[in-house]
Amino acid sequence: MRAKIFIFLLLLVPFAVTTPAQEFLDRVEDNLGLQSSNGLFRAHLSGLFDLEGYYIDQRPPGLLYEDQSFANPRLSLFLDVNLGPHIYAFLQARLDRGFDPGWKDYEARLDEYLLRWTPFDDSRLNLQFGKFATVVGSWVQRHDSWQNPLITAPLPYENMTVLSDEYVPASPTKLLARKSVPDIKETWVPIIWGPVYATGGSIFGDYGLFDYAFELKNAALSSNPSEWELNNSYWRYPSIGGRVGLNPGPSWKHGVSFSIGPYLAPDASGLPAGKTISDYNQITLDYDVGYAWHRWQLWGEVFLNRFEVPNVGDADALAYYLEAKLKLTSALYAAARWNQEIFGTINNGYGHEISWNRDMFRIDLALGCRLTRHLQGKLQYSYGRRDGELQQGEQLLAAQVTLKF
């Protein structure tokens, strides 16, 4: 059935690129807005419909949850509301198979909601509260399917480590033993979980060549999506993050980010006597860079990350990716991404220093085609390998069709 749905959508592509179809979608887009007679109130509804197909050669890699090849439809709706020049609100609702592909059967969610106040007539200062993407890093700013040149996220945003936010290892030996089992995606965490739509407040703006953003959220960068909701601990264990950017010209962008906060869930079990989750932080530093030149776009990020692990000590990691996009024609592009994660060592309790997680590299290759201003398609092949014999999805073949309205 999933294969038939995917084939059906592909058969719609020739129709969707015809002139009548484009005129229809243009009319739909034009009629999804509402505004008062004096222009004080403005609202606009837009959306993305994605249909993805994943071919899995073994256990699913990253944040894919199906153990076999599967199709993943997703409907995302965005509502932008302006009240005068100083008040802005935003909502993002989704209907899909879980926040990450294959996580659930089907569900409807409100992924983002925010209220923003801009006190001045320029963008030097903005105050925002709600549930929204983290300000840390640069991939988050282009993570939706229409902007992401590839289909999957970079490795630091989706590769599971052996650390759990729920179950504390009783000793270094117990933690190291997790390296010999497949990913337990229900409880293990990556360095940063996708766009991290945690709840909290933010202050941001730009001034000349510089931009800045600082946030206080109710969950750490590595937290599971179930921890992002408003009622999660009510900021008893806050995470603080920020980014300062330098934009010296139209071609270059640089940014330095940080984040610090407890990464364990409020109900985590196995903590040492007298300790709370606030005694164990995730500390992250990130540098990001972007460059555009003629038909080329280049991006890169490097993360230095530390988990303070109960009964173990500090678990450090270095993660980075380098990504390139080349526009081949007005519609066709090619993209590639090199990803790598390198993990530090811990004492195994017997006097030996051993890497606490399995080092990994992955290469992602993609072809994309922006058929019209409403329709695009992508094909991606990925090959990744971890140290050791136990692998978690060495090869991945993915396809994605996106309809924008």
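Located above this text is the structure these notes cover.
Quick caveat, the model's predicted, so the values are computed rather than measured.

J.: Before we move on, can you summarise the side chain of Asn339 with the specific residues and values?
T.: Inspection of the secondary structure puts Asn339 in strand 14 (residues 332-343). Overall, Asn339 belongs to the buried group, its relative accessible area being 0%. A polar contact is formed between the side chain of Asn339 and the backbone nitrogen of Leu155, at a distance of 3.0 Å. Within the structure, the side chain of Asn339 is placed 3.5 Å from the backbone oxygen of Arg337, a separation counted as a polar contact. Excluding residues that lie within four positions of it along the chain, Asn339 makes contacts with Pro154, Leu155, Tyr320, Tyr321, Met360, Phe361, Arg362, Ile363 and Asp364.

J.: Report on the side chain of Arg362, specifying residues and quantitative values.
T.: With respect to the helices and strands, the residue Arg362 is situated in strand 17 (residues 360-370). Judged by relative accessible area, which is 7%, Arg362 ranks as buried. Polar contacts involving the side chain of Arg362 include one to the main-chain carbonyl oxygen of Ala153, which spans 2.9 Å. There is a polar contact of 2.7 Å between the side chain of Arg362 and the side chain of Glu158. Ignoring anything within four residues of it in the chain, the contact list for Arg362 reads Thr152, Ala153, Pro154, Leu155, Glu158, Arg337, Trp338, Asn339, Ser382, Tyr383 and Gly384.

J.: Go over the nonpolar core with me, naming the residues and quoting the values.
T.: Core analysis: the biggest nonpolar cluster contains 43 residues, and Tyr157, Trp228 and Trp356 have the highest contact counts within it. Of all elements in the fold, only helix 3 (172-177), strand 12 (296-309) and strand 13 (313-327) reach the threshold of two or more residues within this core. Among the elements that line this core, the one with the most residues is strand 13, at 4 residues.

About the cut-offs
- Residue positions are counted from 1 within each chain, in the order its sequence is given.
- Given that the model is predicted, a residue must reach a pLDDT of at least 70 before its local features are reported, and side-chain atom pairs must reach 80 or more before they are shown or counted; all residues, however, enter totals for whole chains, interfaces and linings.
- Values shown for side chains rest on all heavy atoms present in the structure; no hydrogens or waters enter the calculation.
- Where helices and strands are cited, they refer to DSSP runs of H or I of at least four residues and of E of at least two residues respectively, numbered from the N terminus.
- The rule is simple: take the accessible area with a 1.4 Å probe, protein chains only, and divide by the maximum for that residue type; under 20% is buried, over 50% is exposed, in between is partly exposed.
- Polar contact is the term for a pair of N or O atoms within 3.5 Å; when the atoms are in protein, one must be able to donate a hydrogen and the other to accept it, and sequence-neighboring residues count only if both atoms are side-chain atoms.
- Residues count as neighbours in contact if any of their non-hydrogen atoms are within 4.5 Å of one another.
- Among buried residues, those of type Ala, Val, Leu, Ile, Met, Phe, Trp, Tyr and Cys that are joined through side-chain atoms within 4.5 Å constitute a nonpolar core.

Read these as spatial facts, not as claims about activity.
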